Amino acid sequence: MTRRGINRGSGKGIVVLAGESSNDRRILAALIKSAHPDLADAVTLTEITDPVRLRKKSGVELDTAAGTLVRKARGKAKCKAGEFVGIAVHEDMDACVGPAYDTARRTVSDALSRAAASSSSVYALAAV
C-alpha cells in the first residue's frame, strides 16, 4: 500500500480494514503500523465488520463481492468524513501454501484492485 491518493488538504485519508474477525483486522492494523509507519501516521485506519468470503469465489461472483466490499469501505470513509485511499483485506486460507494458495491470492488481489480503481488495495491470505 502506498501513500498515493492521500489529500492532506481535506483531512486524513481513510484506509479501511476488513477481515473475518476483529483479530484479523487488528493484525492488519499492526502490520501496516509496523511496515509503513509513515503511512499509518498519514491516514486513519478504520474497520468494517462485514464478512469476508472472497477466496472461494471466481469470475462475476468474485467481481461482485469485491465491488460490494469496496463500496462499503468507501461508505465507511464517507461516514468518517475522510477520503477513501485504500482497503486492506485479511482472509484465512485454512490450507497449506501451494498452487491453490497462489491462484486464490492472485485472483482475489486482482479483483480488489479492479474494484478499488485508483485507490490502493491489499489482500492478505493467511495459510496454515
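Here the structure is a predicted model, which means the values were calculated and not measured. (Residues numbered from 1 in each chain as written. Predicted model: local features only at pLDDT ≥ 70, side-chain atom pairs only at ≥ 80, totals over all residues. Heavy atoms only, no water.)

**Student:** Quick question: what am I supposed to make of the nonpolar core here?
**Tutor:** Side chains of a nonpolar character, in soluble globular proteins, are inclined to be buried together. Residues Leu54, Leu69, Phe84, Ile87, Val89 and Leu112 are the most contacted members of the largest nonpolar core, which totals 24 residues. Elements supplying a minimum of two residues to this core: strand S1 (13-19), helix H3 (59-79), strand S3 (83-92), helix H4 (99-116) and strand S4 (120-126). Per-element accounting of this core gives the leading share, 7 residues, to H3. Excluding anything up to four places from it in sequence, Phe84 contacts Ile14, Val16, Val70, Ala73, Arg74, Ala77 and Ser119. (Core = buried A, V, L, I, M, F, W, Y, C linked by side-chain atoms within 4.5 Å. Buried < 20%, exposed > 50% of the residue type's maximum accessible area, 1.4 Å probe, protein only. Helix = DSSP H or I, 4+ residues; strand = E, 2+ residues; numbered from the N terminus. Contact = heavy atoms within 4.5 Å.)

**Student:** How should helix H1 (residues 22-35) be read in this particular structure?
**Tutor:** Given 3.6 residues per helical turn, the α-helix brings residues three or four places apart onto the same face. When the terminal C-alpha atoms of H1 are compared, their 20 Å separation across 14 residues agrees well with the 20 Å that a helix rising 1.5 Å per residue should span. For H1, every residue scored as buried is listed here: Asp24, Arg25, Leu28, Ala29 and Ile32. Down the axis of H1, the sector holding all buried residues measures 140 degrees, keeping them to one side. Away from its buried face, by an angle of more than 90 degrees, H1 presents the exposed residues Leu31, Lys33 and Ser34. (Expected span 1.5 Å × (residues − 1). Arc of directions from axis to C-beta.)

**Student:** Even after reading the chapter, I still don't get the pattern of salt bridges, so can you show me in this structure?
**Tutor:** It is possible for side chains bearing opposite charge to pair when their charged atoms get close. A full pass over the atoms with the stated rule returns 5 salt bridges. Measuring nitrogen to oxygen at the nearest pair gives 3.4 Å for the salt bridge that ties Glu20 to Arg53. Residue Glu20 is located in the loop between S1 and H1, and its partner Arg53 is located in the loop between strand S2 (43-48) and H3; the two are separated by 33 residues in the primary sequence. Judged by relative accessible area, Glu20 falls into the partly exposed class, the value being 32%. A salt bridge links Lys72 to Asp50, with the shortest nitrogen-to-oxygen separation between them at 2.7 Å. Placement of the pair is Lys72 in helix H3 and Asp50 in the loop between S2 and H3, with a sequence separation of 22 residues. (Salt bridge = Lys/Arg side-chain N within 4 Å of Asp/Glu carboxyl O.)

**Student:** Is there a simple way to think about the environment of His90 in this case?
**Tutor:** Take His90: it is sitting in strand S3. On the accessibility criterion, His90 (8% relative accessible area) is buried. For the pair His90 and Arg25, spaced 65 residues apart in the sequence, the C-alpha separation amounts to 7.1 Å. Those residues within four positions of His90 in sequence are excluded, and the remaining contacts are Ala18, Gly19, Glu20, Asp24, Leu28, Val52, Ala124 and Ala126. At 3.3 Å, the side chain of His90 forms a polar contact with the side chain of Asp24. (Polar contact = N/O pair within 3.5 Å; in protein donor to acceptor, adjacent residues only side chain to side chain.)

**Student:** What am I meant to see in the pairing of S3 here?
**Tutor:** Remark: a regular strand shows side chains that alternate across the two faces of the sheet. Among the 10 residues that make up S3, 8 are buried, leaving the element largely enclosed by the rest of the structure. Summarising the sheet, S1 and S3 pair through 7 bridges and their orientation is parallel. Each residue of the ladder has a partner; that of Ile14, found in S3, is Phe84. Here S3 pairs with S4 via 7 bridges, running parallel. Note on S4: the bridge partner recorded for Asp92 is Ala126. (Pairing = 2+ DSSP bridges.)

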